[in-house]
Amino acid sequence: RNRSPYALANSLSFIVAIYIFVCVLAGSNPPSFLFDAIPSGSWNRRLGGFLLWIHVAVSYAINSQAICSSIERFLFPGKKQERLRWMCITFVISLTSYSVANAIPFFSDLVSFIGAMTSIPLTLLLPAILYRRAISTKTNNHTTTTTRWCKLFDFCRGLSCWSYGLILVS
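Residues numbered from 1 in each chain as written. Predicted model: local features only at pLDDT ≥ 70, side-chain atom pairs only at ≥ 80, totals over all residues. Heavy atoms only, no water.

A.B. asks: How do you make sense of the overall build of the protein chain when you look at a structure like this?
C.D. replies: Of the regular secondary structure elements, the protein chain holds five helices and zero strands. Reading the protein chain from its N terminus to its C terminus gives the helix and strand order α-α-α-α-α. Expressed as a percentage of its 170 residues, the buried residues of the protein chain come to 13%. Sequence-distant contacts in the protein chain: of pairs separated by 6 or more residues, those separated by 24 or more amount to 40%. Entry remark: accessible area of the protein chain is about 13900 Å², with carbon and sulfur atoms responsible for 69%. (Helix = DSSP H or I, 4+ residues; strand = E, 2+ residues; numbered from the N terminus. Buried < 20%, exposed > 50% of the residue type's maximum accessible area, 1.4 Å probe, protein only. Contact = heavy atoms within 4.5 Å. Areas by Shrake-Rupley, 256 points an atom, 1.4 Å probe, with all protein chains shown as cover.)

A.B. asks: What is the right way to read the environment of leucine 159 from this model?
C.D. replies: Examined against the element boundaries, leucine 159 turns out to sit in helix 5 (residues 145-169). The spacing of leucine 159 and isoleucine 120 is 39 residues in sequence and 8.3 Å in space, taken between C-alpha atoms.

A.B. asks: Any chance you could explain helix 3 (residues 83-103) here in plain terms?
C.D. replies: Because an α-helix packs 3.6 residues into every turn, residues spaced three or four apart end up facing the same way. In this model helix 3 runs 30 Å from its N-terminal to its C-terminal C-alpha over 21 residues, within 8% of the 30 Å that 1.5 Å per residue would give. On the buried face of helix 3, the contacting elements are helix 2 (43-75). (Expected span 1.5 Å × (residues − 1).)

A.B. asks: Looking at this structure, how should I read the pattern of salt bridges?
C.D. replies: Two side chains carrying opposite charge are able to pair once their charged atoms lie near each other. Counted according to the given criterion, the structure contains two salt bridges. When the shortest N-O distance is used, the salt bridge between aspartate 36 and arginine 45 registers 3.8 Å. Judged by relative accessible area, which is 45%, aspartate 36 ranks as partly exposed. (Salt bridge = Lys/Arg side-chain N within 4 Å of Asp/Glu carboxyl O.)

A.B. asks: Looking at this structure, I do not really get a nonpolar patch on the surface. What am I missing?
C.D. replies: A surface patch of nonpolar side chains, amounting to about 880 Å² of accessible area, comprises Leu8, Leu12, Phe14, Ile15, Ile18, Phe21, Val22, Leu25 and Leu34. Counting through the fold element by element, phenylalanine 14 comes out in helix 1 (residues 4-26). (Patch = residues over 30% accessible without salt bridge, like charges linked within 9 Å, V, L, I, M, F, W, Y side chains within 5 Å.)

A.B. asks: Would you take a moment to explain the confidence of the model for the protein chain for this structure?
C.D. replies: Low pLDDT means the predicted atomic positions in that stretch should not be read closely. Looking at the protein chain, the pLDDT average stands at 77 and 83% of residues meet or exceed 70. Within the protein chain, the element-level pLDDT minimum falls on helix 5, averaging 69, and the maximum on helix 3, averaging 86. (pLDDT = per-residue confidence, 0-100.)

A.B. asks: What's the story with helix 2 in this structure? I'm lost.
C.D. replies: Helix length check: helix 2 (33 residues) gives 46 Å between terminal C-alpha atoms against 48 Å at 1.5 Å per residue, within 8%. At glutamine 65, helix 2 is deflected by roughly 35°, the largest bend along its length. (Bend = angle between axes of the 7 residues up to and from the residue.)

A.B. asks: Please explain the packing of helix 2 against helix 3 as it appears in this structure.
C.D. replies: If you want to describe how two helices pack, look at the angle between their axes and the distance between the axes. Viewed as axis vectors pointing N to C, helix 2 and helix 3 meet at an angle of 120°, and their least axial separation amounts to 10 Å. Classified by the interaxial angle, the pair formed by helix 2 and helix 3 is oblique. Handedness of the crossing formed by helix 2 with helix 3: right-handed. Here Tyr60, Gln65, Ile67, Cys68, Ser69, Ile71 and Glu72 of helix 2 come into contact with helix 3, specifically with Arg85, Trp86, Ile89, Thr90, Ile93, Ser94 and Ser97. Residues belonging to the contact of helix 2 with helix 3 are distributed by class as follows: seven nonpolar, five polar and two charged. (Axes fitted to C-alpha atoms, helices over the stretch in contact; angles between N-to-C directions. Parallel < 35°, antiparallel > 145°, perpendicular 65-115°, else oblique. Left-handed = near helix turned anticlockwise from the far one by under 90°. Nonpolar A, V, L, I, M, F, W, Y, C, P; charged D, E, K, R; others polar.)

A.B. asks: Could you clarify how one ought to interpret the side chain of glutamate 72 in this entry?
C.D. replies: Within the fold, glutamate 72 resides in helix 2. If we ignore the near neighbours within four places in the chain, the residues touching glutamate 72 are Pro77, Gln81, Glu82, Arg85, Trp86 and Ile89.

A.B. asks: Would you mind showing me how to read the environment of phenylalanine 155 here?
C.D. replies: Looking at the secondary structure, you find phenylalanine 155 in helix 5. A C-alpha to C-alpha distance of 8.9 Å links phenylalanine 155 and leucine 126, two positions 29 residues apart in sequence.

Spelled out as structure tokens, the structure:
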């Protein structure tokens, strides 16, 4: 546990180095989907497709843990985690995600729309609200007029950025 910051620093350094390496190899005019740069029908494309599939599967497995855990706590509060129940929840979430991704013909537009709706509130608005709440807690729960105006300003700024993002997507 004490060495985890070093492991994180090393892994992020490795990821950044690989990213720079791929950017240099892509050249000055890469396709929008970098996978399209590999010639069709070659063994390189098959290997790249397989590695991309593994990457997506592992990324999904890691990212779905939080929502599956929340669903389990919501549906079965106070109960011990069981493997069969966990398998059923993760299967249903995976099946639902797969169905949504393949049933919607404009999936990339949907992803862009969801990103526009959530990125500004999650990256700008929520931290500002939590920071203001932490400040008001430190002052013995006495919220000053300045803090209230800052909260209102942060909310309005986040709402306007969110609206601007929606306008850009549509």
